[in-house]
Amino acid sequence: MFEKEIKESLDIIESNYMGSSVSLQIKNDMQATALSFRLLRHHGHDVSQDIFVSFTDEKGDFTNSMSTSNVKATIELLQASHLALEGEDIMAKAKCFSYDFLKDVHFHHYLVDNNLSREVSNTLELPSHWRVPWFEVRYQIGAYAKEPHRNLVLLELAKLNFNMVQAIHQQDLKELSRWWTNLKLIKNVSFARDRLVESFLWTVGVAPEPHYSCLRRCLTKVIAFILVIDDLYDVYCTLEELESFTRALERWDSKEIQHLPENVKICFWALHNTIDEIASDIENGTGLNRAIAITYLRKAWTDFCKVLLMEAQWCNRDHMPSLEEYLRIASISSSGPLLSLTIFLFETQEIREELTNMWEKQQVDLVHYSSLIIRLCNDLATSTAELERGDTTSSILCYMKETNVSEDIARRHIKDLISNTWMKINGEFVSQLNVLKTSANLVRNLARLSHFFYHDRDGFGVQDRETKKLIAQLLAEAL
């Protein structure tokens, strides 16, 4: 809602920053300045970090004192610092200062305001820039309802909008449940995870807007099959069977699977037919020729399965790759490229042609960085369990072996990699052409979803309480 009005307002704010008449109120107000900076960067505006210079001393350090207003300002500063680009020293100092300040506030329980205390805790746990926007909507509406100067009309509009969007999501899920039941795949491949609702929840986080119904349904089908195929490679087939299955996908030739178990054949044909279904939906929705869509989708699925095979080969021969080698492969097996391509194919012709040309030249760095985030977050959540059951590869295990360090040190290194990769994502998003920013934001949401599902747990592979709670709040319970 109000996309046009939001864009106009942001353009006005940016013109004030870039012009000579910077508002004195903004200049002397760290909270307003940090909020404006965060909103502008979030929407892809290239605003300079220099707007924070007036809040630093002669050494370039940030200063503050303990008060409620300064806590609110420092929260905004920490939030803004997560939209930094590589090499921005001011933003790096802002992040260190604001994190230390708020951690001190949180540790010593200085705040008597429970709402503000909760906001400090949430900000320290995970910055808003890394959170899934739609997953935060109910919380934000609830928080706004407690504001003493809330606008009741605006509050009611927000609730009505949430309920309207939720109703559309419920209809999408109803159609998908019918498709999944009729497919009868899980009945025939009992080794695979049945996660249709979680898969749909992922797509709601990527593209919640009502006009993305078809994209959500197709992405859900892709994710549901990613889980099935991943389980097939990870826990079910022998290496020889996987090699045959992968050759069949490379050629899309069923002759390669004739000697395979019956349920593996069922997987092959179910995937084959579902790709055809998705291609038809793309043609109906965008006008892209169905045969062209099938070509792109088959290639993306083949690339995905080829790296799954490579990981299975590593495991079979107890090979421990370097971290660099591992991430080169694991960024593809994260499924980020496959999901991103599906998103691109649903774009309008002009944007789609630009994106697919970049894709073919392997120039979509944003996809690579978002895929890395998915893999690294997944590894942080699952590496301890993988280590216990003897799995040989994850970013944490690779780094431990390569540098001879403890698991705690390796985990800190991976967290640093995630922070650095987010700075690369920020830079890519700011540099994108305006017409590509909508698609770029959907890809960026893929990275955000990994923070939700893999934050201190495997909330996707395991049906945990927090994921079930969010499913109920977003897909069942109206406001």
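Here, the structure is the one placed above.
Rules of the game
- Along every chain, residues carry numbers that run from 1 in the direction the sequence is written.
- Only residues with pLDDT of at least 70 get local features here, since the model is predicted, and only at 80 or more are side-chain atom pairs given and counted; chain-wide, interface and lining totals rely on the full set of residues.
- Calculated side-chain values reflect all of the structure's heavy atoms, with hydrogen atoms and water omitted.
- Throughout, exposure labels follow a simple rule: accessible area from a 1.4 Å probe, protein chains only, divided by the maximum for the residue type, with under 20% read as buried, over 50% as exposed, and the rest as partly exposed.
- Numbered from the N terminus, helices here are DSSP runs of H or I no shorter than four residues, and strands are runs of E no shorter than two.
- Nonpolar core, defined: a set of buried Ala, Val, Leu, Ile, Met, Phe, Trp, Tyr and Cys residues in which side-chain atoms within 4.5 Å join the residues together.
- Residue contacts follow a heavy-atom distance rule, with two residues in contact if any of their heavy atoms lie within 4.5 Å.
- Lines fitted to C-alpha atoms define the axes, with helix axes restricted to the stretch in contact, and inter-axis angles between N-to-C directions lie between 0 and 180 degrees.
- If an angle is under 35 degrees, it is roughly parallel; if it is over 145, roughly antiparallel; if it lies from 65 to 115, roughly perpendicular; otherwise it is oblique.
- If you view the pair so one helix is near and one far, a crossing is left-handed when the near helix is turned anticlockwise from the far one by less than a right angle, and right-handed when it is turned clockwise.
- Gly counts as polar in this scheme, as do all residues outside two lists: the nonpolar Ala, Val, Leu, Ile, Met, Phe, Trp, Tyr, Cys and Pro, and the charged Asp, Glu, Lys and Arg.
- Exposure above 30% relative accessible area and the lack of any salt bridge qualify a residue for a patch; like charges then connect within 9 Å, and the nonpolar side chains Val, Leu, Ile, Met, Phe, Trp and Tyr within 5 Å.
- Methods summary: accessible areas were calculated by the Shrake-Rupley approach with a probe of 1.4 Å, and residue burial reflects only the protein chains presented.
- Throughout this description, the term salt bridge denotes a Lys or Arg side-chain nitrogen within 4 Å of a carboxyl oxygen of Asp or Glu.
- Charge counting follows a simple rule: Lys and Arg are positive, Asp and Glu are negative, and His as well as the terminal groups are ignored.
- For this purpose, a charge sits on NZ of Lys, CZ of Arg, CG of Asp or CD of Glu.
- Ring pairs shown here join Phe, Tyr and Trp side chains whose ring centres sit within 6.5 Å, with only the six-membered ring taken for Trp; geometry is labelled stacked below 30 degrees between planes, edge-to-face above 60, and tilted in between.
- Either the NZ atom of lysine or the CZ atom of arginine qualifies as a charge over a ring when it sits within 6 Å of the ring centre and within 35 degrees of the ring normal.
- Expected helix span is given by 1.5 Å per residue-to-residue step, counting one fewer step than there are residues.
- Each direction from the helix axis to a C-beta atom contributes to the arc, which is the arc of those directions.
- Detection works on a 1 Å grid of protein atoms alone, calling trapped sets that fit a 1.4 Å probe cavities and calling open sets with protein on both sides within 12 Å along at least five of seven lines pockets, with lining residues defined by an atom within 4 Å of a point.
- Grid points are joined across faces, edges and corners, and a volume is the space filled by probe spheres set on the points.

Asker: Help me understand helix H19 (residues 395–403) in this model?
Answerer: Side chains three or four residues apart in an α-helix point the same way, a direct result of the helix having 3.6 residues per turn. All of the buried residues in H19 are Ser395, Ile396, Leu397, Cys398, Tyr399 and Met400. Among the residues trailing H19, asparagine 404 stands out with phi positive, at a value near 55°.

Asker: Looking at this structure, how should I read the nonpolar core?
Answerer: One broad rule of soluble globular proteins: the nonpolar side chains tend to lie buried together. Of all hydrophobic cores here, the largest spans 120 residues; its most connected members are Tyr233 and Trp301. Element by element, the count of residues in this core is highest for helix H14 (residues 290–316), at 13 residues. In this structure tryptophan 301 touches Val222, Phe225, Ile226, Ile229, Trp252, Leu271, Ile275 and Leu338, once residues within four positions along its chain are discounted. Counting 27 residues, the second largest nonpolar core, distinct from the first, contains Phe55, Ile75, Ala94 and Leu102.

Asker: Could you clarify how one ought to interpret the packing of helix H7 (residues 137–145) against helix H8 (residues 152–183) in this entry?
Answerer: Packed helices, taken two at a time, are described by their axes: the angle between them and the distance between them. It is the contact of H7 with H8, at a shortest axis distance of 10 Å, that shows an interaxial angle of 160°. Classified by the angle their axes make, H7 and H8 are roughly antiparallel. In this structure, H7 meets H8 at a crossing whose hand is left-handed. Contacts from Val137, Arg138, Ile141, Tyr144 and Ala145 in H7 reach Leu154, Leu155, Ala158, Lys159, Phe162 and Gln166 in H8. For the contact of H7 with H8, the residue count by class is 8 nonpolar, 1 polar and 2 charged.

Asker: I'm lost on a negative patch on the surface in this one. Help?
Answerer: Residues Glu3, Glu5, Glu8 and Glu209 make up a contiguous surface patch of negative charge. Tracing the sequence through the fold places glutamate 3 in helix H1 (residues 3–18). For glutamate 3, a relative accessible area of 53% corresponds to the exposed category.

Asker: It is not clear to me how the packing of aromatic side chains should be interpreted in this structure. Could you clarify?
Answerer: Each aromatic ring pair is characterised by the separation of its centres together with the angle its planes make. With the rule as written, the count across this model stands at 16 aromatic pairs. Here the aromatic rings of phenylalanine 268 and tryptophan 269 are separated by 5.3 Å at their centres, their planes lie at 85°, and the arrangement is edge-to-face. Through successive ring pairs, a cluster of aromatic residues spans Tyr233, Phe245, Trp252, Phe268 and Trp269. Across from the ring centre of phenylalanine 429, 5.8 Å away, lies the NZ or CZ of lysine 437, which sits over that ring. Looking at arginine 444, its charged tip hangs above the ring of phenylalanine 429, at a distance of 3.7 Å from the centre.

Asker: Looking at this structure, how should I read the pattern of salt bridges?
Answerer: Close approach of charged atoms allows side chains of opposite charge to pair. Counted under the stated rule, the structure contains 21 salt bridges. Between arginine 131 and glutamate 125 there is a salt bridge, with the nearest N and O atoms lying 3.8 Å from each other. Residues arginine 217 and glutamate 175 are paired through a salt bridge, measuring 3.6 Å at the closest nitrogen-oxygen approach. Of this pair, arginine 217 sits in helix H11 (residues 213–236) while glutamate 175 sits in helix H8, and the two are 42 residues apart along the sequence. You can call arginine 217 partly exposed: its relative accessible area is 23%. What makes glutamate 175 partly exposed here is its relative accessible area of 31%. In the salt-bridge network here, residues are joined through shared partners; they are Asp172, Glu175, Arg216 and Arg217.

Asker: Got a minute to help me understand helix H5 (residues 89–108) in this structure?
Answerer: Taking 1.5 Å per residue, 20 residues should reach 28 Å; H5 reaches 29 Å between its end C-alpha atoms and fits that length. Residues of H5 that are buried include every one of Ile90, Met91, Ala94, Phe97, Ser98, Phe101, Leu102 and Val105, and no others. Angularly, the buried residues of H5 cover 130° about the axis, an arc narrow enough to put them on a single face. Summarising the geometry of H5, the exposed residues directed more than 90 degrees from the buried face are Asp89, Cys96, Asp100 and Phe107.

Asker: Which parts of the structure should I look at to understand empty space enclosed by the protein?
Answerer: It is the rolling of a water-molecule-sized probe over the atoms that shows where space remains empty. With the rule as written, the count across this model stands at 1 cavity of 30 Å³ or more. Considered as a void within the structure, the largest cavity measures approximately 60 Å³ in volume. Along its surface, the largest cavity is lined by Phe344, Leu355, Met358, Val364, Leu366, Gln432, Leu436, Ser439, Ala440 and Val443. Those elements that provide at least two residues to the lining of the largest cavity are helix H17 (349–360) and helix H21 (437–453). Taken together, the residues of the lining of the largest cavity sort by class into 8 nonpolar, 2 polar and no charged.

Asker: Hey, could you run me through unusual backbone geometry in this one?
Answerer: Negative phi values dominate among residues other than glycine, just as trans dominates among peptide bonds. Phi at lysine 184 takes a positive value of approximately 55°, unusual for a residue other than glycine. Within the secondary structure layout, lysine 184 lies in the loop between H8 and helix H9 (185–188). Its identity is not glycine, yet tryptophan 252 carries a phi of approximately 50°, on the positive side. Looking at the secondary structure, you find tryptophan 252 in the loop between helix H12 (239–251) and helix H13 (262–286). The exposure class assigned to tryptophan 252 is buried, which follows from its relative accessible area of 14%.

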